[in-house]
Amino acid sequence: MRIVCVGGGPGGLYFALLMKKADPRHQITVIERNRSDDTFGFGVVFSDATMAAVAGADSDTYGEIAHHLVHWDDIEVNYRGERIVSSGHGFSGMSRHTLLRVLQEQACGAGVEVRFEREVTSLDVCAAADVVVASDGANSAMRRLLEGRIRTTMDVRANRFVWLGTTKPFPAFTFYFKQTEHGLWRVHAYQYEPGRSTFIVECREETWKAAGMDHGSEQETAAFLEHLFAEELDGHPLSVNRSIWRQFPTIRTEPWWTGNVVLLGDAAHTAHFSVGSGTRMAMEDAVALRDALVEHVSPASPSPAPDAIASALRTYELRRRPPVESLQRAAQASLHWFEDTERYMSLDPLQFTFTLLTRSLRITHEDLRVRDPRFLARVDEWVAREAERQVGVPNARTLRVTPPPMFTPFRLRDLVLTNRVVVSPMCQYVAEDGTVGEWHLVHLGSRAMGGAGLVMAEMTDVSREARISPWCAGLYQPEHAARWKQIVDFVHRETPAAIGVQLGHAGRKGATQRLWEGDNEPLPHGGWPLMSASPIPYFPDRSPVPREMTEADMSCVVADFARASELARDAGFDLLEIHMAHGYLLASFISPLTNTRTDEYGGALANRMRFPLMVFDACREVWPDGRPMSARISAVDWMPGGMEPEDAVEVARLLEAHGCDIVDVSAGQTVPDQRPAYGRLFQTPFADRIRHEVGIATMALGNISSYMDVNTIIAAGRADLCVLARAHLFDPYWTRHAAWMLGYPLPWPDPYKSVERYTPRFEFRFSGDKS
Ligand SMILES: Cc1cc2nc3c(=O)[nH]c(=O)nc-3n(C[C@H](O)[C@H](O)[C@H](O)COP(=O)(O)OP(=O)(O)OC[C@H]3O[C@@H](n4cnc5c(N)ncnc54)[C@H](O)[C@@H]3O)c2cc1C
Ligand SMILES: Cc1cc2nc3c(=O)[nH]c(=O)nc-3n(C[C@H](O)[C@H](O)[C@H](O)COP(=O)(O)O)c2cc1C
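Description of the structure in this document. (Residues numbered from 1 in each chain as written. Chains lettered and ligands numbered in written order. Predicted model: local features only at pLDDT ≥ 70, side-chain atom pairs only at ≥ 80, totals over all residues. Heavy atoms only, no water.)

### Side note on the environment of Val421
- Its place among the elements puts Val421 in strand β21 (residues 421-423).
- Residues contacting Val421, with those up to four places away along its chain left out, are Met406, Ala452, Gly453, Leu454, Cys722, Leu724, His728, Trp734 and Thr735. (Helix = DSSP H or I, 4+ residues; strand = E, 2+ residues; numbered from the N terminus. Contact = heavy atoms within 4.5 Å.)

Written out as structure tokens, the structure is:
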């Protein structure tokens, strides 16, 4: 096969040498525009796992690389005068220059032709090759030449960073956070060979400008930063190597191949330097591309069929895209953390370090237990003590062990929850004219027995017309309250759980079928007139057009919410939540996508919040002072022109000013054509932002399903409570099972005491594709 690699960075060189070693008959040329010893930057960092993968792919190259690695286990965080060290992280550093030299030597030794100082500027290179590998980095010329056939999105981030070197031998991966009159500076530093370290400085644009760095030369930048970090550098100088201030571009491309050209490494995708994975991804791409070509293209054929090449390139993309995208998601979470570090500057140093370590979601509380049990014990003890302080009862622990974060208590007014797990409100669609029955008793009762600290009853409607469907629960008749009371009494009598109710009005999403019959699909018959902020139907083609609410309608709805709150109070619920999310009536006022009013209930956010706050005030008025209230909001509409996270911060601020105790932070479901960015914990960043920027307690929800994530969220202070919906449908005893897995002795109810001497044998066998 004739192969040309455009670009002799780690990706192109590594692929070339792996492919040549796979079959020396291949003719492989690497074209590199720079000289052989030119290289930008200083060091690269690899995790132990990456090194194991390199060892598996080619032991000779690994042997040469391993020779030059500087290994460290510690991450050191310097923050507000304190130095916190966490161990067990297993990384290696290496000079980028040395890495390239080793790869060049290995490639040339294997018979690869490397042509330096040649720049590829056209696609002519493709004509004489069976496969062309575009490994020409983030600013790939090949990608540009293929525009139209390959779609590229480039998300250029706001923060500025500069890559410098120093002779200070950092013994750990070291972070500095330094506040000056210009703003906050972050440093990522690590040693890549004895006596040589990478020193990356990052800051917000306003800090960069305030310090005059926007017109500083390379030398001026180094001099300024050397002075700023004189203490941290211990007299060591900073050195430059094309050290210009940059903004990180997150690059995504689709597809990764066209014709006989395939993208590899930074040309195809980038991941923020704070997860230290760019070189690793390029090298893993190289291994995957080699494997796919070896698998699909017959070694005997000197000139393989285009079909075989296409199959190989398709396989490469199919295999590599999922892990690359997963890493890009982690990198995105990490870069957000570094863009928003100012938000966390008041945290306790221990918690700050914990948030830093867990920022990309890849490392959880549980991973840190394995990596550094002593550090984790300190974090858990700190969280437990903070919880006792918040609850107001020091040394209140009933058990003589430090509870994992999820098993710490939490106070909201007079209500003290025994742990941080919440069963999310979930409509059951089995009520009769608003009256709940045995299903609800068993559904909520079993989840309360399952150990959650708070069980939320489903969206319960404040009038007959407020229902989503004819089978929704209500609180608009005294008998509704009486039936709810039986459930509330059971939960209070038999379990330590608290129970809350979510009051709502469906608005334009009313008169629909049950979830399992057709989500948000209008009833074929038997519907009722709908109302909303504006006369915009949910599904433009088939939902009824709601009438625009008048002030008289608003007064009626306010009265309905107040009456329902009184009924909820009489039923004995511990917490009252007002549903202001998911496009229902109150949400329809908040989102600009569904509120096009021109009166004082439309327009600016403060106006759009007017009616939801009138409802909230009316409920707060009748709801007992000692009992807390929450509001569920959609922090983002996942739609251009809709609610954005910064709007949600303002919504939360207004709610807090009106006596809301905790915000239940959901997202979306406002419009049917929303484009959510789903993923694990995908809504948690909104709860985190509101909690820190407003200073109000938050509940995180959305794709939280493991106890590791709950512990991580609580310990990092991303939210105060974690709300799980489908995980609780799957397993009503979710909290008990988490306690068992964590070795936390959560007491069982008396009739079940025998379980304390029983060892369950979990046999989770996964069969079938559940993707
Ligand atoms: C500040 C910073 C810190 C980083 N830290 C780390 C880290 O710690 N660990 C890590 O793994 N990664 C790190 N990276 C990322 C890492 O440098 C890249 O992800 C990695 O080098 C990608 O390898 P590559 O082979 O795809 O591209 P590159 O290394 O960019 O190589 C591309 C090559 O193609 C050549 N080229 C470009 N255009 C042409 C052309 N038209 N014709 C011929 N040749 C061409 C270039 O000269 C270059 O040599 C960091 C990046 C930055 C910016
Ligand atoms: C069956 C079902 C019913 C739901 N009913 C409600 C509801 O009554 N009120 C509400 O705010 N959200 C409702 N939701 C949304 C959940 O509360 C939760 O926000 C969503 O499922 C995401 O959480 P998860 O990823 O833990 O499932 C419902 C979800 C499900 C699966």
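Once you've had a look at it, read on.
### Points about the sheet that holds strand β7 (residues 91-95)
- An order of β3-β7-β4 is seen for the three strands of this open sheet, with the pairing classed as antiparallel. Two strands close off the open sheet at either side, each with one partner strand: β3 (43-47) and β4 (70-72). Adjacent strand axes in the sheet meet at a mean angle of 25° when their direction is disregarded.
- In this sheet, β7 lies alongside β4 in antiparallel orientation, the contact comprising three bridges. Residue Trp72 lies in a different strand from β7, and its bridge partner there is Phe91.
- Strands in contact with helix α4 (residues 96-110) are β3 and β7; relative to β7, the strand with the most contacts, it is inclined by about 75°. (Pairing = 2+ DSSP bridges. Axes fitted to C-alpha atoms, helices over the stretch in contact; angles between N-to-C directions.)

### Some points on the site of ligand 2
- Residues in close proximity to ligand 2 total 16 residues, the closest being Ser424, Arg632, Leu701, Asn703 and Arg726.
- At 2.8 Å, a backbone N or O of Cys427 approaches a nitrogen atom of ligand 2.
- The backbone of Asn703 places a nitrogen or oxygen atom 2.7 Å from an oxygen atom of ligand 2.
- Burial of ligand 2 by the surrounding chains reaches 85%, relative to a free accessible area of 610 Å².
- Taken together, the residues of the shell around ligand 2 break down into eight nonpolar, six polar and two charged. (Near = heavy atom within 4 Å. Polar contact = N/O pair within 3.5 Å; in protein donor to acceptor, adjacent residues only side chain to side chain. Areas by Shrake-Rupley, 256 points an atom, 1.4 Å probe, with all protein chains shown as cover. Nonpolar A, V, L, I, M, F, W, Y, C, P; charged D, E, K, R; others polar.)

### A closer look at the site of ligand 1
- Lining the immediate surroundings of ligand 1 are 33 residues, of which Gly11, Glu32, Arg96, Asp266 and Thr279 lie closest.
- A distance of 3.4 Å is found between an oxygen atom of ligand 1 and a backbone nitrogen or oxygen belonging to Pro10.
- Here an oxygen atom of ligand 1 sits 2.7 Å away from a polar atom, N or O, in the side chain of Arg96.
- Relative to its unbound accessible surface of 1,000 Å², ligand 1 loses 93% to contact with the protein.
- When contributions to the shell around ligand 1 are tallied by element, the ones reaching two or more residues are α1 (10-22), β3, β11 (160-166) and α9 (278-296).
- At four residues, α9 tops the list of elements feeding residues into the shell around ligand 1.

### Some points on the pattern of salt bridges
- Within the structure shown, the criterion is met by 52 salt bridges.
- Across the pair Arg204 and Asp340 runs a salt bridge, and its minimum N-O distance is 3.9 Å. Residue Arg204 is found in the loop between β14 (196-203) and α6 (205-210), and its partner Asp340 is found in the loop between α10 (306-339) and α11 (349-357); the two are separated by 136 residues along the sequence.
- Residue classification places Arg204 among the partly exposed positions, given a relative accessible area of 24%.
- The closest approach of N and O atoms between Glu295 and Arg319, which form a salt bridge, is 2.7 Å. On the criterion of sequence distance, the pair formed by Glu295 in helix α9 and Arg319 in helix α10 is long-range, its members being 24 residues apart.
- Beyond isolated ion pairs, a larger network of salt bridges with shared partners links Arg186, Arg204, Asp340, Glu342, Arg343, Asp688, Arg689 and Glu693. (Salt bridge = Lys/Arg side-chain N within 4 Å of Asp/Glu carboxyl O. Buried < 20%, exposed > 50% of the residue type's maximum accessible area, 1.4 Å probe, protein only.)

### Considering unusual backbone geometry
- Note that the residue after Glu254, namely Pro255, is joined by a cis bond; omega there is -15°.
- Its location among the elements puts Pro255 in the loop between β16 (249-254) and β17 (257-258).
- At Arg242, a residue that is not glycine, the phi angle is positive and equals roughly 50°.
- In this structure, Trp638 takes a positive phi of about 55° despite not being glycine.
- For Trp638, the location among the structural elements is in the loop between β27 (629-634) and α20 (645-657).

### Things to note about the environment of Val370
- Locating Val370 in the fold gives a position in helix α12 (residues 365-371).
- Residues Val370 and Ser311, spaced 59 residues apart in sequence, show a C-alpha to C-alpha distance of 41 Å.

### Examining the side chain of Arg467
- Inspection of the secondary structure puts Arg467 in the loop between β22 (454-461) and α15 (478-494).
- Its relative accessible area of 4% is what places Arg467 among the buried residues.
- Of the polar contacts made by the side chain of Arg467, one reaches the backbone oxygen of Arg464; its length is 2.9 Å.
- When near neighbours in sequence (up to four residues on either side) are disregarded, Arg467 contacts Asp433, Gly434, Asp461, Cys472, Tyr476, Ala506, Gly510, Ala511 and Trp528.

### Digging into the sheet that holds β17
- On the basis of which strands lie adjacent, the open sheet formed by six strands has the order β8-β2-β1-β9-β18-β17 and mixed pairing. Either end of the sheet is taken by a strand with one partner, and the two such strands are β8 (113-115) and β17.
- Bridging between strand β9 (residues 131-134) and strand β18 (residues 261-263) involves three bridges; their strand directions are parallel. What sits directly across from Val132, in β18, is Val261.

### Observations concerning the pairing of strand β2 (residues 27-31)
- The buried fraction of β2 is high, at four of five residues.
- Bridge analysis of strand β1 (residues 2-6) against β2 gives five bridges, and the strand direction is parallel. Counted as the bridge partner of Cys5 is Val30 from β2.
- Read from β1 through α1 to β2, the crossover connection turns out right-handed.
- With three bridges connecting them, β2 and β8 associate as parallel partners. Its bridge partner lying in β8, Thr29 is registered against Glu113. (Right-handed = clockwise from strand over helix to strand, strands pointing away.)

### A few points about the nonpolar core
- Residues Trp484, Phe573, Ile578, Phe611 and Leu655 are the most contacted members of the largest nonpolar core, which totals 94 residues.
- If you tally residues by element for this core, the top one is helix α16 (residues 551-571), at nine residues.
- Those residues in contact with Ile578 that lie beyond four places of it in its chain are Leu503, Phe561, Leu586, Val615, Phe616, Cys619, Met629, Ser630, Ala631 and Arg632.
- Among the nonpolar cores identified, the runner-up in size contains 65 residues, and Ile3, Val125, Ala271 and Val297 belong to it. (Core = buried A, V, L, I, M, F, W, Y, C linked by side-chain atoms within 4.5 Å.)

### Section: the packing of α15 against α16
- Relative to each other, α15 and α16 sit at 35°, their axes nearing to 8 Å. As for how α15 packs across α16, the hand of that crossing is right-handed. In this structure, α15 uses Pro478, Ala481, Trp484, Lys485 and Val488 to contact α16, whose residues at the interface are Leu567, Asp570 and Ala571.
- Looking at the contact of α15 with α16, its residues break down into six nonpolar, no polar and two charged. (Left-handed = near helix turned anticlockwise from the far one by under 90°.)

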